[in-house]
Amino acid sequence: GPRTATAFGDSLSVNTTLVLLSLESNPHVGSVTSGVAALSRMLGSNTTLASLSLWRCGLTPECGAELAQGLLANDTLVFLDLNGGNNNILMGDKRRIVDKLEANLARNKQQRGERRVIREREEAEEAEKRRKKDEEQKQADTDQWMEEQSLMRAAERREAQEAERGRIRAEAGAKAEEERRAKE
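1. A word on the overall build of the protein
Now for step 1: Looking only at helices and strands, one finds 4 helices and 3 strands in the protein.
Now for step 2: Sequence-ordered secondary structure for the protein, helices as α and strands as β, is α-β-α-β-α-β-α.
Now for step 3: At 42 Å, the protein has a C-alpha radius of gyration far larger than the 16 Å of a compact globule built from 184 residues.
Now for step 4: Projecting the C-alpha coordinates of the protein onto the three principal axes gives extents of approximately 140 × 25 × 25 Å.
Now for step 5: Counting only residues that meet the buried cut, the protein has 26% of its 184 residues in that class.
Now for step 6: Of all intrachain contacts in the protein linking residues separated by at least 6 positions in sequence, the fraction that spans at least 24 positions is 85%.
Now for step 7: In the structure as shown, the protein presents an accessible area of about 12400 Å², 53% of it carried by carbon and sulfur atoms.
Now for step 8: When the 30 positive and 32 negative side-chain charges of the protein are each reduced to one mean point, those points stand 3 Å apart.

Next comes the structure, spelled out in structure tokens:
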């Protein structure tokens, strides 16, 4: 009843996790305006609640005025179910509520779009960072491979030069041996 609505209103004023609250088919919520007044005050400070159902809660015209007033300071609520045969909210208050919910929905869509643009930009920046890092790694790998190839070619050249020197020494030795035999 009204005490429950008051307790919910008071606790949701500081709550940062609940996004949906259904008090539907509770005909005592609207029987005393103090419960709805607490819910309305909560709407001004709660930044997470997106959906509130007060369907068939016996809301009076005073409750409707309280809710319409409380919604003025709320930017997150996008769904408020006030339908039901025993809710008696004035048409002017219903219109104010609908207008505010539509404004909240438009703001919510705009913020989601802005967050999407920011997320896409951040993802593009991360992709560019990864691309640059991959490019740098590829360049480092190429540089390392080139250095290894250079060292390998230098070793092959040294081996070829050493082999050539050995061949020349062997030829010189063989020629010297031949000349020595020829003298004998």
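Having seen the structure, we can now continue with the description.
2. Concerning the nonpolar core
Now for step 1: Counting residues in hydrophobic clusters, the biggest one holds 24 residues, and the most contacted among them are L54, L59, L67, L77, L80, L82 and I97.
Now for step 2: Among all residues touching L80, those that are not within four sequence positions of it are L52, L54, L71, I97 and L101.

3. Notes on the packing of helix 3 (residues 61-71) against helix 4 (residues 91-183)
Now for step 1: Look at helix 3 against helix 4: their axes get within 9 Å of each other, and the N-to-C directions meet at 25°. Considering the angle they form, helix 3 stands roughly parallel to helix 4. At the point where helix 3 passes helix 4, the crossing takes the left-handed sense. Of helix 4, the residues touching helix 3 (which contributes P61, G64, A65, L67, A68, Q69 and L71) are D93, R96, I97, K100 and L101.

4. Here's the deal with the environment of A65
Now for step 1: By the secondary structure assignment, A65 is in helix 3.
Now for step 2: In this structure, the C-alpha to C-alpha distance between A65 and Q161, residues 96 residues apart in sequence, is 101 Å.
Now for step 3: Among residues more than four places away in sequence, those in contact with A65 are D93 and R96.

5. Quick notes on the sheet that holds strand 2 (residues 51-53)
Now for step 1: The parallel open sheet is built from 3 strands, whose spatial order is 1-2-3. The outermost strands of the open sheet, each flanked by one partner alone, are strand 1 (20-22) and strand 3 (79-81). Averaged over neighbouring strand pairs, the angle between their axes works out to 0° when direction is ignored.
Now for step 2: Pairing of strand 2 with strand 3, which is carried by 3 bridges, proceeds in the parallel orientation. Its bridge partner being in strand 3, S51 is matched across the sheet by F79.

Cut-offs applied
Residues numbered from 1 in each chain as written. Predicted model: local features only at pLDDT ≥ 70, side-chain atom pairs only at ≥ 80, totals over all residues. Heavy atoms only, no water. Helix = DSSP H or I, 4+ residues; strand = E, 2+ residues; numbered from the N terminus. Rg over C-alpha atoms; globule rule 2.2 N^0.38 Å. Buried < 20%, exposed > 50% of the residue type's maximum accessible area, 1.4 Å probe, protein only. Contact = heavy atoms within 4.5 Å. Areas by Shrake-Rupley, 256 points an atom, 1.4 Å probe, with all protein chains shown as cover. Lys, Arg positive; Asp, Glu negative; His and termini not counted. Charge placed at Lys NZ, Arg CZ, Asp CG, Glu CD. Core = buried A, V, L, I, M, F, W, Y, C linked by side-chain atoms within 4.5 Å. Axes fitted to C-alpha atoms, helices over the stretch in contact; angles between N-to-C directions. Parallel < 35°, antiparallel > 145°, perpendicular 65-115°, else oblique. Left-handed = near helix turned anticlockwise from the far one by under 90°. Pairing = 2+ DSSP bridges.

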